[in-house]
Each structure stands twice: as C-alpha cells, then as structure tokens.
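Listed below are the residues making up each chain.
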Amino acid sequence: MADNQPSARVLATLEPGWANVNLVVLEHGNIRLDGVHARPESNQQDPVLSKWLIDIELELPGILWRERISDASQQLYVEGRYDLAVILSATASEVLIDGLLQMLWWEMSLTDANTTAETVAAAFDSSSDSVARMNKFLNPMLGGNWSASNGPVQLWISHTWKLRHRCVHGGYYPSHEEAVAALNSSKKFSTFLFDRLAEKNTTFPRICIHSLAKSGLSRRGKWKGKIKYFAENDAQQEKDWRFAIKEFRDEVAKRRR
C-alpha cells in the first residue's frame, strides 16, 4: 500500500477488528504530507482504507497505536521476542493515552479559550510519564472506574506497564505467558478507553466520530440522538478534523520543552 521505494514495507494486520483494512504501512519515510490528497490510494473507492492511509500520512494517534500493537503481535507470534512484545505493547498504550489526551484537548480548544497548544504543552512537560498524565487528566475527562484491581486499567499497569519497566531497566526476559498477558492487557485497556469515550459522545462528539466512527458507536449502542444528528448535519460543514488535529499536535510539539 506504499510507494515502490525499497525502504517501504508492509505487514499483514493481525487485527480483524480493523474492518477490511488488509495492510498497514509501517515505514513512513517514503510518504510526504504535502501529497496526501494526491496519492492515488487515497482516492480509491474503499472509504475505510482511504481513512487509514490519510491517518498514516498525518501520523494520527488512532493509527500509530495500532501499528505498535501490530509490531507487538509480530514480535510475540512471529519473531518470538517476548521482551520486545511487552515493550511494544506498553508503547502502544502510552501512544494511545497521550494521543487521545491531545485530541480531546484539541476539541476542547474549539470552545474554551483557556485550552491552547501552550497549555497542553505545559501539561505534558509537567507530568513525568503517560501514566501520570492518564491519572491526572484522562481519568477525569472520561470518567468511569479506573481503580478496580481486576479492571482493565489496573491489569494493564501490572501486566504490561510495570513488566515493561522490568524488561527495559532490569534486563528481564518475560515468559511466553507474560508476553501474551501484556499484549492482551493492552488491547483490553484500549477497549476500555474507547468505551469511556463513547460514553462522552455529547462532550467530545468530534473525537468520538473520528476515533470510533459510525461502526464503533453503533456497536456500543450510541449511534443515535445528538451524536448521530451532529455527524449527519453540522459535522459535514466543518474543516476536516484530521488536518486540524495534526496542526494542533504540531503546535503542541513546537511548544514543549
């Protein structure tokens, strides 16, 4: 699905939940942002594939964390590198935490003058890691139970995040069972985040539609009422959110110390 340059490579996705997308680009060096509209693949008839291709080119969080999950699956089930599978599983979740935070703040910035790229950059610089940002910012935004010992958040912390630190800082080599648990915990954690996002569909309608789409909201019984009306009417008149999100993330990156 990439150019014919030798540096490009593709990986058959191991995620059947990605609808009918069969290939995901993992090397981005042959993609130019200024060519996003001109690429022939972006104009083909499959709207789902077209969306993923554009998201890849814009380096949006929704595709970036999926790539890391796919990398983790590759290391676990193909390469047999259980340590890398754990590290990449944790990385995927941290990409999702920080990416989702930035996207939610982008939507807040549309109506709240106090939420700017400057304030978002400061929030990132003042928090030591993704878990700290998750607890301080994402939890209050999305609500729900994040502290249950057998819930998806705490299981991810124990099975994935803490194990990742043992692998990186202690040279620990996990077992097959531990690596499987780390990958599965990351997947369940992402499902939890998207479930919580769906519950906030009237607060963050743009990010709900961008991240979950009609299919994801329908599966959760949320494709109705205000969010459905907004998607089918007002949203059609707004600037492409993907490019607006990209611009906001770039502004945040410029201001981070």
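Here, the structure is the one placed above.
Residues numbered from 1 in each chain as written. Predicted model: local features only at pLDDT ≥ 70, side-chain atom pairs only at ≥ 80, totals over all residues. Heavy atoms only, no water.

Some thoughts on the pattern of salt bridges
Alright, step 1. In this structure the tally under the stated criterion is 16 salt bridges.
Alright, step 2. Notably, a salt bridge pairs Glu238 with Arg206, separated by 2.8 Å at the nearest N-O pair. Of the two residues, Glu238 is situated in the loop between α9 (225–232) and α10 (241–255) and Arg206 in helix α8 (residues 205–219); the sequence distance between them amounts to 32 residues.
Alright, step 3. For Arg206, a relative accessible area of 16% corresponds to the buried category.
Alright, step 4. Of the charged contacts, one joins Arg255 and Glu251 as a salt bridge, the two residues approaching to 2.5 Å between their closest N and O atoms. Residue Arg255 and its partner Glu251 are located together in helix α10, separated by four residues, close to a single helical turn.
Alright, step 5. Relative accessible area serves as the criterion here: at 28%, Glu251 is assigned to the partly exposed category.
Alright, step 6. A single salt-bridge network, built from bridges that share partners, covers Glu118, Glu251, Lys254 and Arg255. (Salt bridge = Lys/Arg side-chain N within 4 Å of Asp/Glu carboxyl O. Helix = DSSP H or I, 4+ residues; strand = E, 2+ residues; numbered from the N terminus. Buried < 20%, exposed > 50% of the residue type's maximum accessible area, 1.4 Å probe, protein only.)

Some remarks on the packing of helix α3 (residues 82–109) against α8
Alright, step 1. Look at α3 against α8: their axes get within 8 Å of each other, and the N-to-C directions meet at 140°. Between α3 and α8, the angle is such that the two are oblique. For the pair α3 and α8, the contacting residues are Leu100, Met103, Leu104, Trp106 and Glu107 in the first and Pro205, Arg206, Ile207, His210 and Ser211 in the second. (Axes fitted to C-alpha atoms, helices over the stretch in contact; angles between N-to-C directions. Parallel < 35°, antiparallel > 145°, perpendicular 65-115°, else oblique. Contact = heavy atoms within 4.5 Å.)

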